[in-house]
Amino acid sequence: MKRYILSCIFILMATCTWGQIQMSDVIKTMPDTLLPYLDASKRTELIDFYHMGVEAKTANKFGGDTVLDTLAAHFATLQLNESSTLQLLLLPQESPDTLICAVQTYLGEAPESTVSFYTSQWRRLDASAYLPALSPMALVERPDTMSVEQYDAVLKTLDPAMLEARLAPDCTLTFTVTAPLLNEVERKALEAVALQRKLKWNGKNFN
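Let me sum up the structure you'll find in this document. (Residues numbered from 1 in each chain as written. Predicted model: local features only at pLDDT ≥ 70, side-chain atom pairs only at ≥ 80, totals over all residues. Heavy atoms only, no water.)

## As for the packing of aromatic side chains
Scanning all chains against the criterion turns up 6 aromatic pairs. These aromatic residues form a ring-pair network of at least three members: Phe-117, Tyr-130, Trp-201 and Phe-206. (Phe/Tyr/Trp six-rings, centres within 6.5 Å; stacked < 30°, edge-to-face > 60°.)

Here it is, written out as structure tokens:
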């Protein structure tokens, strides 16, 4: 009981810390090296457009358009270009500093994501401290309706196998397995064996 009460206190403290920084500030202060598509003025322009209630779209440095799809106090989604998206989420934690989780996904036949963590000053942190070890093959399972031979055939198509990650405002991070170069039949077979792994932030890490 004592441990439970202390846990609740820590979560309450983390939530209070969470409110000290806003996503719009995070985007404005993001280093150009982390988001080479847009300089600081362009990022501010996107935020201003969003708050004005008009389409938050601006030309980026690579000749395409970048769109700010979602902007909340602690969550944002950007369509960087036709082949890449970026999700940002502020995570409350027990320490005084708010944690930034960034998920960049490269789109295409098989989406592949990179999950990164930063301090509020954009100092990169070791992702393994906040995520369990995950492999694509841990996110497949043979259903009862599929024979072992059929399942083995599906696994052979997963080379290479990759992970797609999606953040949500409720502090969850969901992983799914993807694979390129699949035909329609193989893609449907993968859907039949693929699992989703949803991780919840507990104030220290995703689990």
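So that's the structure; there's more coming.
## A word on the environment of Ser-41
Here Ser-41 lies in helix H3 (residues 40-52). Considered as a pair, Ser-41 and Lys-28 are 13 residues apart in the sequence and their alpha carbons are 8.2 Å apart. Within the local environment of Ser-41, its side chain forms a polar contact with the side chain of Asp-39, the two groups lying 2.8 Å apart. (Helix = DSSP H or I, 4+ residues; strand = E, 2+ residues; numbered from the N terminus. Polar contact = N/O pair within 3.5 Å; in protein donor to acceptor, adjacent residues only side chain to side chain.)

## Looking at the sheet that holds strand E3 (residues 75-81)
In any sheet, the strands associate via hydrogen bonds between backbone groups, in a parallel or an antiparallel arrangement. Strand order in this open sheet of 7 strands is E1-E2-E3-E4-E5-E6-E7, and the pairing throughout is antiparallel. Looking at which strands have only one partner, the edges of the open sheet turn out to be strand E1 (57-59) and strand E7 (124-125). Pairing of E3 with strand E4 (residues 84-91) involves 6 bridges; the strand directions are antiparallel. Opposite Thr-77, over in E4, you have Gln-87 as the bridge partner. Its contacts with the sheet put H3 on E1, strand E2 (65-71) and E3, and the angle it makes with E2 is roughly 50 degrees. (Pairing = 2+ DSSP bridges. Contact = heavy atoms within 4.5 Å. Axes fitted to C-alpha atoms, helices over the stretch in contact; angles between N-to-C directions.)

## Quick notes on the nonpolar core
Of all hydrophobic cores here, the largest spans 31 residues; its most connected members are Leu-91, Val-115, Phe-117, Leu-173, Phe-175 and Phe-206. Those elements that provide at least two residues to this core are E4, strand E5 (99-106), strand E6 (112-118), helix H4 (148-157), strand E8 (162-168), strand E9 (172-178) and helix H5 (184-193). If we ignore the near neighbours within four places in the chain, the residues touching Leu-173 are Val-103, Val-115, Leu-131, Ala-165, Arg-166, Leu-167, Arg-197, Lys-198, Leu-199 and Phe-206. Judged by nonpolar contacts, the second largest core, of 23 residues, contains Ile-47, Leu-71, Leu-78 and Leu-90. (Core = buried A, V, L, I, M, F, W, Y, C linked by side-chain atoms within 4.5 Å. Buried < 20%, exposed > 50% of the residue type's maximum accessible area, 1.4 Å probe, protein only.)

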